[in-house]
Amino acid sequence: MITPIKQQCNGAFSATISLIPLFTPVMMLMRQTMEAGVPAWQPWVGLAGIAITTVVISWVTARLFRVVILQVKSPKPASFSGWLYVAKRRQRSADCLVVGVVDVGVGDAGAEVDVEV
């Protein structure tokens, strides 16, 4: 993988590989040390890709931690997508918890009860 980058450091393959977050730190630095250099926007796009990838991976691992570790379930790799679904369903049910407000007023005919939900 390094040979095509050394031959054409500003080619399509080199630019694409250096913008993939897993390869960005190594490939971008390698391309920057070569004579041709790197366009000014590519390091910033690579940095943004790394930041977005970090946030997404942290979010996924937090959901898995909450479902698998805190619920003391034995982990089974085959049920990975099921864990994410359970975490999403639990989050929705926690967000949708509705508490009713009761407004009681006394009228001429007796007690009136208005329930707002």
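Residues numbered from 1 in each chain as written. Predicted model: local features only at pLDDT ≥ 70, side-chain atom pairs only at ≥ 80, totals over all residues. Heavy atoms only, no water.

1. As for the packing of helix α2 (residues 12-19) against helix α3 (residues 24-33)
Here is step 1 of the chain: For the pair α2 and α3, interaxial distance at closest approach is 7 Å and the crossing angle is 140°. Taken together, α2 and α3 sit at an angle that is classed as oblique. Across the interface between the two elements, S14, A15, I17, S18 and L19 from α2 touch T24, M27, M28 and R31 from α3.
Here is step 2 of the chain: Residue classes in the contact of α2 with α3 are distributed as 5 nonpolar, 3 polar and 1 charged. (Axes fitted to C-alpha atoms, helices over the stretch in contact; angles between N-to-C directions. Helix = DSSP H or I, 4+ residues; strand = E, 2+ residues; numbered from the N terminus. Parallel < 35°, antiparallel > 145°, perpendicular 65-115°, else oblique. Contact = heavy atoms within 4.5 Å. Nonpolar A, V, L, I, M, F, W, Y, C, P; charged D, E, K, R; others polar.)

2. Observations regarding the environment of P21
Here is step 1 of the chain: Within the secondary structure layout, P21 lies in the loop between α2 and α3.
Here is step 2 of the chain: Judged by relative accessible area, which is 27%, P21 ranks as partly exposed.
Here is step 3 of the chain: Setting aside anything within four residues of it in sequence, one finds P21 in contact with G49, I50 and T53. (Buried < 20%, exposed > 50% of the residue type's maximum accessible area, 1.4 Å probe, protein only.)

3. Digging into the nonpolar core
Here is step 1 of the chain: Membership of the largest hydrophobic core is limited to 6 residues, which are I5, C9, I17, M27, M30 and M34.
Here is step 2 of the chain: Setting aside residues up to four positions removed in sequence, C9 forms contacts with S14, R31, M34, A36 and G37. (Core = buried A, V, L, I, M, F, W, Y, C linked by side-chain atoms within 4.5 Å.)

4. What to know about helix α4 (residues 41-69)
Here is step 1 of the chain: A rise of 1.5 Å per residue sets the reference length of α4, with its 29 residues, at 42 Å; its end C-alpha atoms lie 41 Å apart and thus fit the reference within 8%.
Here is step 2 of the chain: All of the buried residues in α4 are Q42, G46, G49, R63, L64, V67 and V68. (Expected span 1.5 Å × (residues − 1).)

5. Let's talk about the confidence of the model for the protein chain
Here is step 1 of the chain: Looking at the protein chain, pLDDT values average 74 and 60% of them are 70 or higher.
Here is step 2 of the chain: Ranking the elements of the protein chain by mean pLDDT puts strand β1 (residues 101-106) last, at 45, and α4 first, at 90.
Here is step 3 of the chain: Low pLDDT, under 50, characterises residues 97-108; the stretch is placed with 15 contacts to residues that sit more than four places away or in other chains.
Here is step 4 of the chain: Low pLDDT, under 50, characterises residues 110-115; the predicted model gives this stretch 12 contacts beyond four residues in sequence or across chains. (pLDDT = per-residue confidence, 0-100.)

6. With respect to the side chain of T24
Here is step 1 of the chain: By the element assignment, T24 lies in helix α3.
Here is step 2 of the chain: Engagement of the side chain of T24 in a polar contact is seen with the backbone oxygen of I20, the distance being 2.8 Å.
Here is step 3 of the chain: T24 has contacts with S18, L19, L29, G46 and I50, leaving out every residue within four places of it along the chain. (Polar contact = N/O pair within 3.5 Å; in protein donor to acceptor, adjacent residues only side chain to side chain.)

7. Examining the packing of α3 against α4
Here is step 1 of the chain: Interhelical geometry of α3 versus α4 gives an angle of 170° and a closest axis separation of 11 Å. In terms of their interaxial angle, α3 and α4 are classed as roughly antiparallel. Facing α3, whose interface residues are T24, P25, M28, R31 and Q32, α4 presents Q42, P43, G46 and I50.
Here is step 2 of the chain: Partitioning the contact of α3 with α4 into residue classes produces 4 nonpolar, 4 polar and 1 charged.

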